[in-house]
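These are the residues of each chain, in order.
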Protein chains: 4
Amino acid sequence: MRENKDYFINWKAKLHEIIYEADTPEGKWFDIALIGLILISIILVVLESVESFDHQFHQILYVAEWIITILFSIEYIARFLSINKPLKYVFSFYGIVDLLSTIPLYLSFIFPGSQVLIVIRAIRLLRLFRILKMVKFIGEARKLKEALWNSRTKITVFIFTIVVLSVIIGTVMYLIEGKEAGFISIPKGIYWTIITMTTVGYGDIVPLTALGQTIAAIVMVMGYGIIAVPTGIVSAEFYKQNKFYKIHTNTQACPNCNAQNHNDHAKFCYNCGNYLNEA
Amino acid sequence: MRENKDYFINWKAKLHEIIYEADTPEGKWFDIALIGLILISIILVVLESVESFDHQFHQILYVAEWIITILFSIEYIARFLSINKPLKYVFSFYGIVDLLSTIPLYLSFIFPGSQVLIVIRAIRLLRLFRILKMVKFIGEARKLKEALWNSRTKITVFIFTIVVLSVIIGTVMYLIEGKEAGFISIPKGIYWTIITMTTVGYGDIVPLTALGQTIAAIVMVMGYGIIAVPTGIVSAEFYKQNKFYKIHTNTQACPNCNAQNHNDHAKFCYNCGNYLNEA
Amino acid sequence: MRENKDYFINWKAKLHEIIYEADTPEGKWFDIALIGLILISIILVVLESVESFDHQFHQILYVAEWIITILFSIEYIARFLSINKPLKYVFSFYGIVDLLSTIPLYLSFIFPGSQVLIVIRAIRLLRLFRILKMVKFIGEARKLKEALWNSRTKITVFIFTIVVLSVIIGTVMYLIEGKEAGFISIPKGIYWTIITMTTVGYGDIVPLTALGQTIAAIVMVMGYGIIAVPTGIVSAEFYKQNKFYKIHTNTQACPNCNAQNHNDHAKFCYNCGNYLNEA
Amino acid sequence: MRENKDYFINWKAKLHEIIYEADTPEGKWFDIALIGLILISIILVVLESVESFDHQFHQILYVAEWIITILFSIEYIARFLSINKPLKYVFSFYGIVDLLSTIPLYLSFIFPGSQVLIVIRAIRLLRLFRILKMVKFIGEARKLKEALWNSRTKITVFIFTIVVLSVIIGTVMYLIEGKEAGFISIPKGIYWTIITMTTVGYGDIVPLTALGQTIAAIVMVMGYGIIAVPTGIVSAEFYKQNKFYKIHTNTQACPNCNAQNHNDHAKFCYNCGNYLNEA
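Reading guide: rules and limits
Residues numbered from 1 in each chain as written. Chains lettered and ligands numbered in written order. Predicted model: local features only at pLDDT ≥ 70, side-chain atom pairs only at ≥ 80, totals over all residues. Heavy atoms only, no water. Contact = heavy atoms within 4.5 Å. Buried area = accessible area lost by both parts, 1.4 Å probe. Salt bridge = Lys/Arg side-chain N within 4 Å of Asp/Glu carboxyl O. Polar contact = N/O pair within 3.5 Å; in protein donor to acceptor, adjacent residues only side chain to side chain. Helix = DSSP H or I, 4+ residues; strand = E, 2+ residues; numbered from the N terminus. Nonpolar A, V, L, I, M, F, W, Y, C, P; charged D, E, K, R; others polar. Least-squares fit on C-alpha atoms with pLDDT ≥ 70 in both.

Draft legend 1. Seen up close, the interface of chain A and chain B. Contacts between chain A and chain B engage 48 residues on the former and 47 residues on the latter. Buried surface at the junction of chain A and chain B, both sides included, amounts to about 4,000 Å², of which 75% is carbon and sulfur. The largest per-residue losses of area from chain A upon contact with chain B belong to A:Lys154, A:Met220 and A:Tyr224, which jointly make up 18% of the total buried on that side. Our count for the contact surface shared by chain A and chain B stands at one salt bridge. Here B:Glu51 and A:Lys179 are joined by a salt bridge, their closest N and O atoms 2.3 Å apart. Across the chain A-chain B interface, the total number found is six residue pairs in polar contact (both at pLDDT 80 or more). The set of elements that each furnish at least two residues to the side of chain A that touches chain B consists of helix H10 (152-177), helix H11 (186-197), helix H12 (210-226) and helix H13 (228-244) of chain A. Sort the elements by how many residues they give to the side of chain A that touches chain B and H10(A) lands first, with 14 residues. Residues of the side of chain A that touches chain B, tallied by class, amount to 30 nonpolar, 13 polar and five charged.

Draft legend 2. Up close: the relation of the copies chain B and chain C. The transformation that overlays chain B on chain C combines an axial shift of 0.0 Å with a rotation of 90°, and the residual RMSD is 0.0 Å. Taken together, the turn and the small shift mark the pair as related by a four-fold rotation axis.

Draft legend 3. Up close: the interface of chain B and chain C. Counting residues at the interface gives 48 residues for chain B and 47 residues for chain C. Roughly 4,000 Å² of surface becomes buried between chain B and chain C when both sides are summed, with 76% attributable to carbon and sulfur atoms. Put simply, chain B and chain C have one salt bridge between them. Where chain B touches chain C, the interface holds six residue pairs in polar contact (both at pLDDT 80 or more). A per-element tally of the side of chain B that touches chain C places helix H10 (residues 152-177) of chain B first, with 14 residues. When grouped by side-chain class, the residues that make up the side of chain B that touches chain C number 30 nonpolar, 13 polar and five charged.

Functional significance is not addressed by these values, which are geometric in nature.
Quick look at the structure:
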């Protein structure tokens with residue numbers, strides 16, 4: 001079917017299939033290698049922050065970061081070249097994440113000693129979400145996302161109520177407890193209310209007066225009950241899904257516009273009409 | 001249809017529609033402006049409580065509070081004038097909240113240095129609940145309220161059980177642990193039981209004896225299991241809603257009696273029979 | 001219908017109806033008075049434990065406890081006399097609770113200074129559960145009990161798993177962390193595991209080594225997930241109830257054998273065949 | 001039916017029925033005795049770790065451990081002999097647990113003073129899971145396992161998201177808070193994030209800066225909401241089970257290959273075709 005296409009197009013299509021999809025053996029191996037590389041890169045960032053480790057292996061860590069940066073650079077260029085609309089890719093969410101994953105070492109020459117680069121290196125972890133392309137994971141992740149998405153209005157109302165309650169209770173506690181107990185300002189009071197209402201309970205700020213402790217007890221029981229609300233919302237969503245949901249998923253991605261979620265037997269992209277690689 | 005009504009009535013109806021409803025563009029802009037004003041006012045209260053900030057910007061904060069107070073005063077008068085039964089508004093829940101939102105600065109001349117005024121200023125936040133008139137939020141908030149309302153007997157039985165358990169366990173722990181561990185009275189024992197049963201766990205009071213720690217472990221596992229009860233109750237309610245509920249909501253409010261929750265095509269108030277502004 | 005019964009039987013039946021049931025106005029007033037008395041009695045116990053309060057009002061608290069004891073004694077005798085099988089009442093659960101509620105002051109002459117008497121006085125609170133006879137509460141309490149009862153095997157398996165996990169993890173943590181971190185014995189390790197797994201997290205014992213903290217993190221995520229199990233069990237039970245449950249409840253209690261849960265129009269006790277007071 | 005089988009086979013079959021099944025009175029008594037022995041053995045391990053107890057009763061604890069070891073050795077040999085394919089048993093999960101339960105004391109001669117032996121002794125507790133053969137527990141345990149197993153993909157996606165979030169938030173907090181607050185490395189930051197997100201909240205590491213506390217508050221509300229997800233997943237699973245599940249369980253185990261979960265009236269093993277002991 002594709003005999004009449006020239007070699008370059010074929011080569012590009014092949015590369016696209018390997019990099020962006022996971023239906024072929026090469027595509028799967030590429031993904032596994034990339035997952036390994038990302039995990040190694042994250043482990044290096046984590047270990048580098050442990051002082052005793054960094055002192056001993058600083059040189060090795062530095063070389064390893066260079067190797068990872070070069071491999072990521074190659075991958076970024078390949079992604080850029082193998083797609084028909086490269087600019088669309090560059091400005092997509094994952095396009096930006098890919099770029100950020102590649103550049104920290106280059107940036108360190110421009111902004112030496114910048115701490116923010118460590119965070120950018122940690123962001124590499126986000127790339128895993130895209131590579132997680134095994135069919136059943138996609139299906140379940142989509143279900144999870146849909147359950148949360150369907151509940152978004154309920155959850156917004158819920159969080160809004162929590163925030164309003166926190167501000168009012170935080171203000172009251174600031175007035176009752178005052179500075180001796182650590183409630184030095186209203187923001188600290190709000191911080192304490194959230195710690196208490198979510199049942200985290202660090203114990204770095206605790207009420208000392210009888211009235212404050214009584215209100216604290218009420219806030220705790222309230223928080224303990226409030227947790228029922230998001231849980232109930234999401235449970236009901238999941239139950240609904242169990243009943244009505246049918247999923248068909250594959251890892252096809254359009255070589256032209258990179259649209260996903262194609263039907264199982266789709267031959268052309270539903271978004272741009274481009275011919276899809278055969279699954 | 002309204003040609004025969006005189007200018008004043010029209011003006012009053014118009015004002016009512018802008019202030020109390022959100023179906024017209026003007027109504028929406030009024031609401032957005034009010035939300036902004038309330039948020040700014042709350043942020044000022046919060047910042048004022050931060051000592052270093054208050055020292056530097058005390059003058060600005062004072063002026064800003066005056067501006068907000070004047071705007072709220074104008075709004076309160078407009079609300080009062082545009083409604084047919086102003087006294088009903090004044091003594092309604094939101095009527096009182098609106099008044100409380102307006103007066104803290106005036107009160108500070110009568111009761112100088114009163115700390116309670118800060119709480120009254122924080123109460124302004126409650127006004128947001130009324131303005132949140134976007135149709136889908138109203139629907140979801142109503143569902144949330146209904147699920148909680150339907151579960152009220154179950155939740156009462158549940159909280160009652162928690163309280164009885166807390167008093168008995170608190171008394172036992174007071175006798176076992178005594179003063180060294182911080183259990184200086186039965187109320188402190190009850191406070192500790194609630195902290196533990198709700199899984200908050202500050203750690204400001206902890207059992208020190210082997211027997212006390214054993215009881216604590218049992219209370220924890222119990223509390224961990226008890227949380228299943230309100231969650232189960234609310235989940236089942238939500239599921240029921242998903243199945244049977246149909247909502248029709250709009251932001252109509254009767255210009256005469258301010259009743260809400262009118263049907264979508266209602267022309268007359270179901271409560272007082274007054275003519276409704278057209279949606 | 002009861003003309004042929006003699007006066008004494010009638011008087012006894014009347015007393016039974018007042019004390020044990022809540023269908024008549026007198027029965028309701030009796031219950032409300034009793035609830036008030038129990039609450040006052042508990043508040044006295046709690047206040048007595050607050051040292052500063054006890055110093056000031058010791059005499060008043062003592063007199064009040066005498067009054068309550070005398071009223072409870074009269075009530076106990078009335079309960080004893082008005083029932084056909086008094087011994088069955090004496091050895092029933094609430095019969096024992098009633099007796100324990102009455103005797104602490106009498107016992108204090110035999111065992112002076114005994115601390116355990118305070119717990120016995122706190123047990124009075126359990127009496128509230130019986131008096132809570134308003135029809136809708138009975139129905140909901142029964143539903144709650146039934147949901148928990150239906151889940152008993154699942155919950156047993158669940159708690160068993162928690163306990164086994166706690167012992168094994170507690171042993172491992174005792175070996176890893178040792179005495180410096182507060183893990184001075186395996187029981188302390190188990191105590192820590194329960195504190196962590198139930199997400200209480202006092203912070204009185206915390207791991208200090210890297211390995212210990214890694215295991216702690218795993219235990220936390222595990223505990224966070226484990227909470228889903230009892231919640232899921234109970235939610236499913238409640239949902240089932242919503243679907244299939246029909247409740248008919250009243251507060252009838254047989255004057256002969258005190259059996260409860262009679263049908264709404266029952267004239268004779270399903271347990272002993274005795275004639276029931278008319279509702 | 002079994003007249004033509006020789007004595008030895010009969011004896012072996014009888015022993016198999018007693019040890020591996022719980023349908024006969026002897027089988028039940030064997031199980032109860034074994035449960036008792038395991039519990040005593042665990043209590044000894046726990047008590048031995050309490051220093052004051054060990055000092056006083058060291059000799060008794062040592063003798064008791066010898067008795068338990070000998071009884072477990074006899075049981076292990078009996079299990080080995082009474083089964084047709086002993087090697088399959090030896091390398092099965094419970095075969096290994098049984099062996100580990102038997103050998104700690106023998107190992108202590110080869111590796112004197114080894115602490116790891118205590119953990120191996122604690123592992124004996126795992127044996128309880130096999131002995132818990134009462135029919136209804138098996139059914140419920142199987143339901144629990146099935147609900148968790150059906151949710152495995154959803155739970156994997158969920159834990160994966162938690163881990164990725166923890167690493168990124170942990171890195172950010174390490175940069176914001178730094179060493180003074182205890183965030184001495186990224187692993188410590190991740191440890192703090194898990195403590196906070198699971199609402200455990202030890203309070204051994206807490207943010208001190210305003211920015212850090214703001215992020216902490218967001219993490220708490222997030223974690224508080226996230227708990228809804230596994231709960232919702234498992235609730236929906238349980239509800240599905242309530243609707244469709246029918247269980248038939250018995251404690252039959254094939255004397256040849258030890259396969260379980262036979263149908264109620266099965267006469268031959270579904271796995272190896274061997275004749276099953278009559279229930």
